[in-house]
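Structure at a glance
Letter by letter, the chains look like this.
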Amino acid sequence: MFGIEYSGISNTSVTIEILNRHLLDFDEALTHAPDNTRRNVQQAVLRISRDWANDSWNATLLSMIQGPADNNGSLHRLELTHNWNDNIRFSGGMIFYNGDDGTYFDYIDNCDRLFFSARYSF
């Protein structure tokens, strides 16, 4: 695994992580459903986060890609958060899944979603 984070831009951070997972003593039976496990898996993750308006707003983009050239699926999440005051926080966003036949993400390929949450802390 290799990762780097850059926060040289005001109120912004960019994180990149790259992973190569290799399973020792791999059983080929795991390549079939429901496991769909591979002996070698490459994964790349990009996260960009930005704050503005005195840190009351935050936007975050998270993209995860599995396999070379996205051939094992991907996930993309965009979230916007607003801190109304010290006690109240609203957030919402969307998640998109992309899967190819026979991969883990194939099972959730059509499960894109929108989300919203409100939080009160006392």
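Since we're looking at a predicted model, the values are computed, not measured. Per-chain numbering applies: the sequence of each chain, read as written, is numbered from 1 onward. At least 70 in pLDDT is required for a residue's local features to be given in this predicted model, at least 80 for side-chain atom pairs to be given and counted, and no such filter applies to totals for whole chains, interfaces and linings, which use all residues. Side-chain numbers here rest on the full set of heavy atoms in the structure, without hydrogens or water.

1. Focus on the overall build of the chain
Short version of the rule: The numbering of helices and of strands both runs from the N terminus, where a helix is a DSSP run of H or I of at least 4 residues and a strand a run of E of at least 2. Note on contacts: a residue pair is in contact if any heavy atoms of the two residues lie within 4.5 Å. For the accessible areas, the method is Shrake-Rupley and the probe is 1.4 Å, while residue cover comes only from the protein chains on display.
Helix and strand counts for the chain come out as zero helices and seven strands. Of the regular secondary structure in the chain, the N- to C-terminal order runs β-β-β-β-β-β-β. A fraction of 36% describes how many contacts in the chain between residues 6 or more apart in sequence connect residues 24 or more apart. Working note: accessible area of the chain is about 8500 Å², and carbon and sulfur atoms make up 56% of it.

2. Thoughts on the packing of aromatic side chains
Any two aromatic rings considered together are summarised by their centre-to-centre distance and by the angle between their planes. Applied cut-off: In summary, the pairing rule links any two rings of Phe, Tyr or Trp, Trp by its six-membered ring, whose centres are within 6.5 Å, and it sorts them by plane angle into stacked for under 30 degrees, edge-to-face for over 60 and tilted for everything else. Each residue is assigned to one of three classes by its accessible area relative to the maximum for its type, calculated with a 1.4 Å probe on protein chains only: buried under 20%, partly exposed between the two thresholds, exposed over 50%.
Per the stated rule, a full pass over the model turns up four aromatic pairs. Residues Trp84 and Phe90 carry aromatic rings whose centres are separated by 6.4 Å and whose planes lie at 90° to one another, so their mutual orientation is edge-to-face. According to the relative accessible area criterion, Trp84 is exposed, its value standing at 59%. Note on Phe90 and Phe116: the rings are 6.3 Å apart at their centroids and 20° apart in plane angle, and the pair reads as stacked. In this pair, Phe90 is assigned in strand β6 (residues 88-98) and Phe116 in strand β7 (residues 113-120), connecting sequence segments 26 residues apart. A residue is classified by how much of its surface remains accessible, and Phe90, at 30% relative accessible area, is partly exposed. Classification of Phe116 by relative accessible area gives exposed; the value is 62%. Taken together through their ring pairs, the aromatic side chains of Trp84, Phe90 and Phe116 make up a single cluster.

3. Some remarks on a nonpolar patch on the surface
Threshold: The patches described consist of residues with a relative accessible area above 30% and no salt bridge, like charges being joined within 9 Å and nonpolar side chains (Val, Leu, Ile, Met, Phe, Trp, Tyr) within 5 Å. Salt bridges are identified by distance alone: a Lys or Arg side-chain nitrogen within 4 Å of an Asp or Glu carboxyl oxygen.
The grouping of Phe2, Ile4, Ile16, Ile18, Leu46, Ile48, Leu61 and Leu78 at the surface amounts to a nonpolar patch, some 660 Å² of accessible area in total. Where the nonpolar patch is concerned, the elements lending two or more residues are β1 (2-6), β2 (12-22) and β3 (40-52). Relative to the helices and strands, Ile48 resides in strand β3.

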